[in-house]
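# What the coordinates show
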Amino acid sequence: MSAKHFKIIALQSVFALFVFLLFVYFFVKYDSEQLQNQVNNMGQTLDFAIEVDVNTSKGVLASFAYNYEIDPDLDVAKFETLAKHYIKVNPEIIYVQRKDKETTTVMVYPDTYSYTLGATLMGRPEVEEAVRKAIKDKIVTANAPYVLKDSEDLLGLVIRYPLYKEEIFNGFIVVVMNIDNLLNNIIDAEMMTDYNISLIDDNEKLFWGYDGQHKGHVYINNIAILDNFWTIQVSMKDNMMASTIGFLTGTSFLFLLIVGLLVVMQIRLMKKDQNNQQLAISKEELENRLLQSVNAISKIGELRDVYTASHQKKVADLSCAIGREMGLKDEKIRNLSFGSLLHDVGKFFVPSEILNKPGKMTDLEYQIIQTHVDESYNVVKEIDFPKEIHTMVYQHHERLDGSGYPLGISGDEIILESRILAVADVVEAMTSHRPYRAALGIDAALKEILFYRGTKYDAEVVDVCVKLFKEDGYTISSS
Ligand SMILES: [Fe+2]
């Protein structure tokens, strides 16, 4: 492979690599944006679902509180009925509890490490502080989830509502819901098996979900849970990234395969191109050799006719000039050249005494000279030329009006190549010396073909020939 071809392949490979990297860049960029969008959508859906469920519990509380405030004598039976109703409607609510001022003070608040609700307040300052704050602000408060029982799948969220009667704190209504069950239900519903999900409480402690480092494509948001907030983090599981990397690896392999195939194809094309170039050179060489051979035969044919040296060469030049002026294709010009160079080769078989006889010829001598057409044809037909070359040699003394020889054919029976050769032949002959006369000159030659324009000679060919001499400055060399 040449250095030039190597350069082309190298350039193509670099270009292909550039296109591939561009593709990878846009794919990764697009894929990254898509994944981040998916993660964001998933996180927002979770936000919404959690808030809706927690607010449902808050609504339950508000409803109880309202009933309690307008009906301070809300009896236990009515409370129990309402509580059962809400628990039935909201299956995640484990129970609803009313605690009056007295019971609130002795047992209410959670102990993460205890499986009973109702640990004493005694000696638990942080709980007392939380209660005081709730009472003071008259707000609903939510405990961070904690384990209610010795069970990993039960995670309680306690929401409390302080009750007042004439501005005097009168206890709490408490709703306890299974947050673990709630989250599992939401996540199952959203089919988030491809994601890691973490819920972190306001003390930045993981209380639910995936305990690991989140990297890339992470959705992080604070969810307001009553007077608390949780931080939600959603990220993709590694297998999704792995599938992306796997895709890129597969694509890279495919790319390398395609580049490899392209290079192989390119090398083959270049080799073919080199072969074609060599063949083209060989063809040109062959044509040159053929032309040299034809020229040699042409000269041999003229050996006996000392007065017509180079006649065929000059006729060939003029025929080709006429053909080009008429706009003929290269192949026809080539045929004109070969046919013209050989049209009189048969004169070799005519005795030189007759060919070079200075005086007037007898009829017999003229008939013998006419045989050169058959002899020329016999020589040329042995060469594997296109048929037109054989025909133009055989027809070069025929005339349009049928007055020519050897067959006396006329009109369209005479092919264009023969008509051109006929005009070029007579013009060159008249401008050359002959044993029986001096050269007549180009004017006499043109006058001759114009005189027989459209009768013996093709009108268009005559016009083109005259134009060549009169307007284009064409000349026939005297040698
Ligand atoms: Fe001739």
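Scroll up to find the structure this text is about.
The following paragraphs examine the structure supplied in this document. Everything numeric here is computed off the predicted structure, so don't read it as measured data.

In this section: the overall build of the protein chain. From N to C terminus, the protein chain includes 14 helices and nine strands. Counting every position in the protein chain, which comprises 479 residues, the buried fraction comes to 28%. Looking at the protein chain alone, contacts between residues at least 24 apart form 64% of all its contacts between residues at least 6 apart.

The subject of this paragraph is unusual backbone geometry. With omega at 10 degrees, the peptide bond leading from Tyr405 into Pro406 counts as cis. Note on placement: Pro406 falls in the loop between α11 (387-394) and α12 (416-430).

Glancing now at the packing of helix α7 (residues 311-325) against α12. Contact pair α7 / α12: the axes reach a minimum separation of 9 Å and the direction vectors enclose 130 degrees. When the axes of α7 and α12 are compared, the pair comes out oblique. Where α7 crosses over α12, the two elements pack in a sense that is right-handed. Counted together, His311, Lys314, Val315, Leu318, Ser319, Ile322 and Gly323 of α7 and Ile420, Leu421, Val423, Ala424, Asp425, Val427 and Glu428 of α12 form the full contact between these two elements. Residue composition of the contact of α7 with α12, grouped by class: eight nonpolar, three polar and three charged.

Tracing the backbone through its elements, the reader meets Ala16 in helix α1 (residues 3-70). Distance in space between the C-alpha atoms of Ala16 and Ile258 is 9.5 Å, their sequence separation being 242 residues.

Of note, Leu400 is situated in the loop between α11 and α12. Beyond its immediate chain neighbours, meaning those up to four positions away, Leu400 contacts Ser410, Gly411, Ile414, Thr455, Lys456, Tyr457 and Asp458.

For α7, built from 15 residues, the straight-helix expectation of 21 Å at 1.5 Å per residue is met to within 8% by its first-to-last C-alpha distance of 21 Å. Counting buried positions along α7 gives 11 out of 15 residues, so the element sits mostly inside the fold. Three or more residues of α7 are buried, namely His311, Gln312, Lys314, Val315, Ala316, Leu318, Ser319, Cys320, Ala321, Ile322 and Gly323.

Attention now moves to the environment of Arg453. Along the chain, Arg453 falls in the loop between α13 (442-451) and α14 (459-470). We classify Arg453 as partly exposed; it has 19 C-beta atoms within 10 Å. Considering only alpha carbons, one finds Arg453 and Asp463, 10 residues apart in sequence, at a separation of 8.3 Å. Each residue touching Arg453, except ones within four places of it in the same chain, is listed here: Ala459 and Val462.

Among the nonpolar cores identified, the biggest contains 36 residues, and Ile322, Val423, Ala424, Val427, Ile449, Val461 and Cys465 are the most heavily contacted of them. Contributing elements (two or more residues each) for this core: α7, α8 (330-342), α10 (363-380), α11, α12, α13 and α14. For this core, the element with the highest residue contribution is α12, accounting for eight residues. Once residues lying within four places of it in the same chain are set aside, the contact partners of Ile322 are Ile420, Val423, Ala424, Val461, Val464, Cys465 and Leu468. Val96, Ile159, Val174 and Ile197 belong to the second largest nonpolar core, which has 35 residues in total.

Interaxial distance between α11 and α12 falls to 8 Å at its minimum, and their mutual angle equals 45 degrees. By the angle between their directions, the pair α11 and α12 is classed as oblique. Of the two possible hands of crossing, α11 and α12 adopt the one that is right-handed. Contacts from Glu388, Thr391 and Met392 of α11 reach α12 at Glu417, Ser418 and Leu421.

What follows deals with the pairing of strand β6 (residues 195-200). Buried residues dominate β6, accounting for five of its six residues. Here β6 pairs with strand β7 (residues 206-209) via three bridges, running antiparallel. Bridge pairing in β7 places Leu199 opposite Trp208.

Reading the values: the criteria
Residues numbered from 1 in each chain as written. Predicted model: local features only at pLDDT ≥ 70, side-chain atom pairs only at ≥ 80, totals over all residues. Helix = DSSP H or I, 4+ residues; strand = E, 2+ residues; numbered from the N terminus. Buried ≥ 20, exposed ≤ 12 C-beta atoms within 10 Å, placed from the backbone. Contact = placed C-beta atoms within 7 Å. Axes fitted to C-alpha atoms, helices over the stretch in contact; angles between N-to-C directions. Parallel < 35°, antiparallel > 145°, perpendicular 65-115°, else oblique. Left-handed = near helix turned anticlockwise from the far one by under 90°. Nonpolar A, V, L, I, M, F, W, Y, C, P; charged D, E, K, R; others polar. Expected span 1.5 Å × (residues − 1). Core = buried A, V, L, I, M, F, W, Y, C linked by C-beta atoms within 7 Å. Pairing = 2+ DSSP bridges.

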